[in-house]
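As a plain string of letters, each chain reads:
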Amino acid sequence: MEKVSIKTHSRSEFIDITQAVSEIVQKSETREGMCYVYIPHTTAGVTINENADPSVRKDILNKLDNIVPWNGNYTHGEGNSAAHIKSTLVGSSVSIPISEGRLIRGIWQGIYFCEFDGPRNREVFIQIIKG
Amino acid sequence: MEKVSIKTHSRSEFIDITQAVSEIVQKSETREGMCYVYIPHTTAGVTINENADPSVRKDILNKLDNIVPWNGNYTHGEGNSAAHIKSTLVGSSVSIPISEGRLIRGIWQGIYFCEFDGPRNREVFIQIIKG
Amino acid sequence: MEKVSIKTHSRSEFIDITQAVSEIVQKSETREGMCYVYIPHTTAGVTINENADPSVRKDILNKLDNIVPWNGNYTHGEGNSAAHIKSTLVGSSVSIPISEGRLIRGIWQGIYFCEFDGPRNREVFIQIIKG
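Please read these numbers as outputs of a predicted model, since none were measured by experiment.

### A short note on the interface of chain B and chain A
And step 1. Listed per partner, the contact involves 27 residues of chain B and 32 residues of chain A.
And step 2. Between chain B and chain A, a total of about 2,300 Å² is buried, with carbon and sulfur atoms accounting for 59% of that surface.
And step 3. Summed over the three residues of chain B that lose the most area to chain A, namely Tyr 38, Thr 42 and Thr 88 of chain B, the buried surface amounts to 26% of that side.
And step 4. The tally of links between chain B and chain A comes to zero salt bridges.
And step 5. For the pair chain B and chain A, the interface holds 18 residue pairs in polar contact (both at pLDDT 80 or more).
And step 6. For the side of chain B that touches chain A, the secondary structure elements donating two or more residues are strand S3 (33-38), helix H3 (81-90), strand S5 (93-99) and strand S8 (121-130) of chain B.
And step 7. Per-element tally for the side of chain B that touches chain A: the top contributor is H3 of chain B, with six residues.
And step 8. Residue composition of the side of chain B that touches chain A, by class: 13 nonpolar, 13 polar and one charged.

Quick look at the structure:
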């Protein structure tokens, strides 16, 4: 298993980790298999979405804030329940096929670490299974 | 890795791909393992839900439209931000166990390609890992 | 593949299955690989979230009820559309890395079976792939 460290800069933020994941897949010399990106945090997530126009990520973050506002009728004393809820809605892992030696993504797909309670130092775990 | 091509007919639609996925699992002659269904698009997703009463899928699509309306306060110029947001909420892959030579699903579970910005020609990637 | 049976006690409830999953991983004597937790039901799900303060789970369940109320403008005759919708939003599987012989989780992460239409007898399927 490989680990990638990242540093986030805002409360809510998408950080592109596509390149880091692709490089780990290449170094593994896997022809066919699966690549798993796992987030070991409960106030963050990971998603796959458009890598071209950054306004897409902005719209996703805005809508998540709209569905799950930071200030709400929450009971958790730390005050970051919204981040925990977003983590469950978005998910803490993505699974991406590896085929013919490379990570198989759609042409518009990037892999994004989703910070929901930053800024923080975060980790991403990457596990590869050969098929 | 196998690919399945599908054609969608509406903006929002669930298309049953259970049979196509099951056949690929059977052809692979896998006794124990995992089957991954991966969507290489950023305005679509994949989910597992009830295969009996079609009103369940209708209610899911309606509620998603209600949470993420097509017309909203979005910045992305293409006008399909709602589809990108639904893709992140629903997810772009499902992972299903294979055991004793067959895809293990609950009796009421079907696998659905989720179109959020159709009609379009779409692809579904299926990767199998033997355990 | 291993199966774990659980009994839920309310309509909406998070049940901690971390210990059961960890034990199955340990018994499998896997050094490197992946562990999949799969829910064969369409009115339940599985998520990873905070294992310390139980108010976090309460806030997640409350917000899900707020986004997807039990009584709504649904067409499905059984009356449990809200549970089906939550199942699609939360997801029916989680994928967790195994490394150096143990399930790799963040220190605050627990694995929770998410009941959305209980009380019922439920099953959880656990598949392990060695890497």
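The discussion continues.
### Looking at the relation of the copies chain C and chain A
And step 1. When chain C is fitted to chain A, the residual RMSD is 0.0 Å, and the transformation amounts to a turn of 120° plus an axial shift of 0.0 Å. On this basis, the relationship between the two copies can be described by a three-fold rotation axis. Within chain C, Leu 89 of chain C has its C-alpha nearest the rotation axis, a separation of 3.5 Å.
And step 2. Comparing interface residues between copies, only 16% of those in chain C also lie at the interface in chain A; the contact surfaces differ.

### Here's the deal with the interface of chain C and chain A
And step 1. Counting residues at the interface gives 32 residues for chain C, matched by 27 residues for chain A.
And step 2. Connecting chain C to chain A are zero salt bridges.
And step 3. Along the contact surface separating chain C from chain A lie 18 residue pairs in polar contact (both at pLDDT 80 or more).
And step 4. Mapped by element, the contributors of at least two residues to the side of chain C that touches chain A are strand S3 (33-38), strand S4 (44-50), helix H2 (55-67), helix H3 (81-90), strand S5 (93-99) and strand S8 (121-130) of chain C.
And step 5. A per-element tally of the side of chain C that touches chain A places H2 of chain C first, with eight residues.
And step 6. Its residues assigned to classes, the side of chain C that touches chain A shows 15 nonpolar, nine polar and eight charged.

### As for the confidence of the model for chain A
And step 1. Confidence in the prediction of chain A, expressed as mean pLDDT, is 97, and 100% of residues score 70 or more.
And step 2. Model confidence for the complex is summarised by a pTM of 0.98, with the ipTM given as 0.97.

### Digging into the sheet that holds strand S4 (residues 44-50) of chain A
Strand-to-strand pairing in sheets goes through backbone hydrogen bonds, with the strands running parallel or antiparallel.
Residue and element names in this part refer to chain A.
And step 1. Taken in spatial order, the three strands of this open sheet run S2-S7-S4, and their pairing is antiparallel. Edge strands, defined here as strands with exactly one partner in the open sheet, are strand S2 (13-16) and S4. Ignoring which end each strand starts from, the neighbouring axes of this sheet average 35° apart.
And step 2. Sheet analysis places S2 next to strand S7 (residues 109-115), joined by four bridges and oriented antiparallel. The residue bridging Ile 15 from the neighbouring strand is Phe 113, located in S7.

### Focus on the relation of the copies chain B and chain A
One copy of the chain maps onto the other through a rotation about an axis plus a displacement along that axis.
And step 1. If you rotate chain B by 120° and push it 0.0 Å along the axis, it lands on chain A with an RMSD of 0.0 Å.
And step 2. Looking at chain B, a mere 19% of its interface residues are interface residues in chain A too, so the copies touch through different faces.

### Some points on the layout of surface pockets
And step 1. There is about 410 Å³ of room inside the largest pocket.
And step 2. Lining the largest pocket are 22 residues, and of these Pro 40 and His 41 of chain A together with Gly 106, Ile 107 and Trp 108 of chain C lie nearest its centre.
And step 3. Broken down by element, the lining of the largest pocket gets its largest block of residues, three residues, from strand S8 (residues 121-130) of chain A.
And step 4. Among the residues making up the lining of the largest pocket, the classes are represented as six nonpolar, seven polar and nine charged.

### Considerations on helix H2 (residues 54-67) of chain A
Side chains that are three or four residues apart share a direction in an α-helix, a result of its 3.6 residues per turn.
And step 1. The terminal C-alpha atoms of H2 of chain A lie 20 Å apart, and with 14 residues this matches the ideal 20 Å at 1.5 Å per residue to within 8%.
And step 2. Buried within H2 of chain A we find Ser 55, Val 56, Arg 57, Asp 59, Ile 60, Leu 61, Lys 63, Leu 64 and Ile 67 of chain A.

How each quantity is defined
Residues numbered from 1 in each chain as written. Chains lettered and ligands numbered in written order. Predicted model: local features only at pLDDT ≥ 70, side-chain atom pairs only at ≥ 80, totals over all residues. Heavy atoms only, no water. Contact = heavy atoms within 4.5 Å. Buried area = accessible area lost by both parts, 1.4 Å probe. Salt bridge = Lys/Arg side-chain N within 4 Å of Asp/Glu carboxyl O. Polar contact = N/O pair within 3.5 Å; in protein donor to acceptor, adjacent residues only side chain to side chain. Helix = DSSP H or I, 4+ residues; strand = E, 2+ residues; numbered from the N terminus. Nonpolar A, V, L, I, M, F, W, Y, C, P; charged D, E, K, R; others polar. Least-squares fit on C-alpha atoms with pLDDT ≥ 70 in both. pLDDT = per-residue confidence, 0-100. Pairing = 2+ DSSP bridges. Axes fitted to C-alpha atoms, helices over the stretch in contact; angles between N-to-C directions. 1 Å grid on protein atoms, 1.4 Å probe; cavity = no way out; pocket = protein on both sides within 12 Å on 5 of 7 lines; lining within 4 Å. Points joined across faces, edges and corners; volume = space filled by probe spheres on them. Expected span 1.5 Å × (residues − 1). Buried < 20%, exposed > 50% of the residue type's maximum accessible area, 1.4 Å probe, protein only.

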